[in-house]
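Structural overview
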Amino acid sequence: MSKYNHSNSIPVDSIPKDEIAQAIKEWAEGDEAMEKLLWTCYNKNIKTDGCHAGASPYIDFNYQDKIDELSKLIDTTQKIKGSQVIICVDGGNPFSGPEWYLPYIGLGFDTEYKEEADICFDKLTECLEKESKKTYKHLLLKLLEFFIDKESGLLFRFKHTEEDKYEFYIEATFISDNRYKVYNDIFIKAGLIEDISKERQHMHYWKIESNNLKDISSQLESITEYLINNYSVEPPTSKKEFLSFNNYARFMKRKLSEEKFEKWLKKQQKKMFKRRIRLFRRRPKRRERKDTDK
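Numbers given for residues are sequential positions, taken from 1 along each chain in its written order. In keeping with the model being predicted, local features are shown solely for residues with a pLDDT of at least 70 and side-chain atom pairs are shown and tallied solely at 80 or more, while totals for entire chains, interfaces and linings include all residues. Excluded from the side-chain calculation are hydrogens and water; included are all heavy atoms of the structure.

Comments concerning the pairing of strand S2 (residues 58–62)
Quick reminder of the rule: Using a 1.4 Å probe on the protein chains alone, a residue whose accessible area is under 20% of its type maximum counts as buried, one over 50% counts as exposed, and one in between counts as partly exposed. In this text, helices come from DSSP runs of H or I with a minimum length of four residues, and strands from runs of E with a minimum of two, each type numbered from the N-terminal end. When DSSP locates at least two bridges between a pair of strands, those strands are taken to pair.
With four of five residues buried, S2 lies mostly within the body of the structure. In this sheet, S2 lies alongside strand S1 (residues 48–52) in antiparallel orientation, the contact comprising four bridges. Bridging across to S2, cysteine 51 finds its partner in isoleucine 59. Counted along the chain from S1 to the antiparallel partner S2, the turn is five residues long, and its residue serine 56 has a positive phi close to 50°. Here S2 pairs with strand S4 (residues 104–109) via five bridges, running antiparallel. Across the sheet, the residue bridging to tyrosine 58 is glycine 108, located in S4.

Focus on the sheet that holds S2
Inclusion rule: By the convention used here, residues are in contact when the closest approach between their heavy atoms is within 4.5 Å. Working convention: axes come from line fits to C-alpha atoms, limited for helices to the stretch in contact. Angles between N-to-C directions cover 0 to 180 degrees.
In space, the eight strands of this open sheet follow the order S1-S2-S4-S3-S5-S6-S8-S7, with antiparallel pairing throughout. Every interior strand has two partners, whereas the edge strands, S1 and strand S7 (193–194), have only one. With six bridges joining them, strand S3 (residues 83–88) and S4 adopt antiparallel strand pairing. Across the sheet, residue isoleucine 87 finds its bridge partner in S4, namely isoleucine 105. Strands S3, S4, strand S5 (154–160) and strand S6 (166–173) of the sheet are contacted by helix H5 (residues 139–147), whose axis makes an angle of about 175° with S5.

A word on the pairing of S5
With six of seven residues buried, S5 is to be regarded as a mostly interior element. In the sheet, S5 pairs with S6 via seven bridges, with the strands oriented antiparallel. Bridge pairing in S6 links phenylalanine 158 to phenylalanine 168. Counting the residues between successive antiparallel strands, the hairpin from S5 to S6 contains five residues, one of them, aspartate 164, with a positive phi of roughly 65°.

A closer look at the state of the cysteines
Structurally, a disulfide amounts to a covalent bond that connects the sulfur atoms of two cysteines. Note the following rule: Working definition: a disulfide is two cysteine sulfur atoms within 2.5 Å of each other.
Within this structure, the stated rule accounts for zero disulfides. Here cysteine 51 is not cross-linked by a disulfide; its sulfur's nearest cysteine counterpart is in cysteine 41, at 9.4 Å. On the basis of relative accessibility, which here comes to 15%, the residue cysteine 51 falls in the buried class.

Digging into the packing of helix H2 (residues 32–43) against helix H4 (residues 114–129)
Put simply, the rule is: Convention used here: angles under 35 degrees read as roughly parallel, angles over 145 as roughly antiparallel, angles from 65 to 115 as roughly perpendicular, and any remaining angle as oblique. Working rule for handedness: look at the near helix, and if it is turned counterclockwise from the far one by less than a right angle, call the crossing left-handed; if clockwise, right-handed. Residues are grouped as follows: Ala, Val, Leu, Ile, Met, Phe, Trp, Tyr, Cys and Pro are nonpolar; Asp, Glu, Lys and Arg are charged; all remaining types, including Gly, are polar.
Packing of H2 against H4 leaves a shortest axis separation of 8 Å and a crossing angle of 25°. Taken together, H2 and H4 sit at an angle that is classed as roughly parallel. The two elements H2 and H4 cross, and the hand of that crossing is left-handed. Contacts between H2 and H4 involve Ala33, Met34, Lys36, Leu37, Thr40 and Cys41 on the former and, on the latter, Asp118, Phe121, Asp122, Leu124, Thr125, Leu128 and Glu129. Of the residues contributing to the contact of H2 with H4, the split by class is seven nonpolar, two polar and four charged.

Topic: the environment of proline 57
Note that proline 57 resides in the loop between S1 and S2. Looking at proline 57, the relative accessible area reads 1%, which means it is buried. Placed 63 residues apart in sequence, proline 57 and cysteine 120 show a C-alpha to C-alpha distance of 9.3 Å. Beyond its immediate sequence surroundings of up to four residues, proline 57 is in contact with His52, Leu107, Gly108, Phe109, Thr111, Ala117 and Phe121.

Some remarks on the confidence of the model for the protein
This is how the line gets drawn: pLDDT: the predictor's confidence for each residue, scored from 0 to 100.
Summary statistics for the protein give a mean pLDDT of 88 and a share of 90% for residues scoring 70 or more. Contacts from residues 286–294, a stretch scored under 50 in pLDDT, to residues over four places away or in other chains number three contacts.

Comments concerning the packing of H5 against helix H7 (residues 213–230)
Direction vectors running N to C along H5 and H7 enclose 15°, while the axes themselves pass 10 Å from each other. One finds that H5 runs roughly parallel with respect to H7. Our pair here, H5 against H7, has a crossing hand that is left-handed. Of H7, the residues touching H5 (which contributes Leu139, Leu140, Lys142, Leu143, Phe146 and Phe147) are Ser217, Leu220, Glu221, Thr224, Leu227 and Ile228.

Some details on H4
Filter applied, for reference: In a helix, the anticipated span is given by 1.5 Å times the number of residues less one.
In this model H4 runs 22 Å from its N-terminal to its C-terminal C-alpha over 16 residues, within 8% of the 22 Å that 1.5 Å per residue would give. Residues Ala117, Asp118, Cys120, Phe121, Leu124, Thr125, Cys127 and Leu128 constitute the buried set of H4. On the buried face of H4, the contacting elements are H2, S1, S2, helix H3 (67–78) and S4.

Written out as structure tokens, the structure reads:
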């Protein structure tokens with residue numbers, strides 16, 4: 001059984017130096033290009049949060065002080081067809097590891113082939129190894145930075161499709177109807193269009209799109225400036241406002257001491273496990289197939 005490659009994220013800082021080679025080897029899953037990228041990140045002190053080298057490959061990064069390096073990684077990803085950049089402001093699954101609540105940046109590629117995935121990993125490695133005097137903060141990171149600790153329930157997604165089209169989405173998942181109305185007003189005024197075609201209950205999407213990277217970057221700059229100057233939505237203050245357990249857990253983490261929160265989280269995990277068992281037991285048994293069945 002793998003010591004470091006399992007369902008939970010492991011902070012790189014927590015791994016002894018004499019075991020980091022083993023950890024990187026296991027994370028890379030036998031993929032040399034991914035292993036080289038992970039070593040480059042480690043040597044430059046860029047904290048990774050997770051990765052996968054198989055079909056639909058990706059690599060995630062904690063939001064950190066390596067802003068220039070993260071900006072270069074995002075820039076490089078945006079130029080690759082079939083790629084997407086995900087900015088998750090509110091962190092992830094509370095049961096995924098000790099740093100679950102930290103914002104992260106995900107870089108993903110839409111391919112099932114190792115050769116294509118390796119080309120993407122190599123490009124990310126090259127952009128980090130290339131020396132550059134240019135230092136700046138990518139617009140997506142500016143947007144992320146502004147929304148930190150606002151517990152907005154928002155996710156930002158930038159896609160470069162196989163058809164050479166660029167799309168930027170703001171996604172609000174499991175939010176109340178009242179919060180949706182506020183967001184819809186702000187985002188439309190900022191210049192986004194609501195994408196009703198993707199909408200599901202308590203899940204909403206707003207987007208811009210273009211065939212030109214420079215054009216959509218200009219639009220994104222205008223949107224970012226508008227949101228920074230006009231967004232004033234306060235974080236949720238009561239349980240009724242939460243439709244997502246992940247966001248509710250962030251609220252409880254803010255409200256409770258570290259010790260009490262850990263006890264609360266373990267209790268919630270036990271409840272969820274028991275609920276899954278009950279649902280499994282209630283499933284109807286599959287009837288035996290008779291010869292007359294078609």
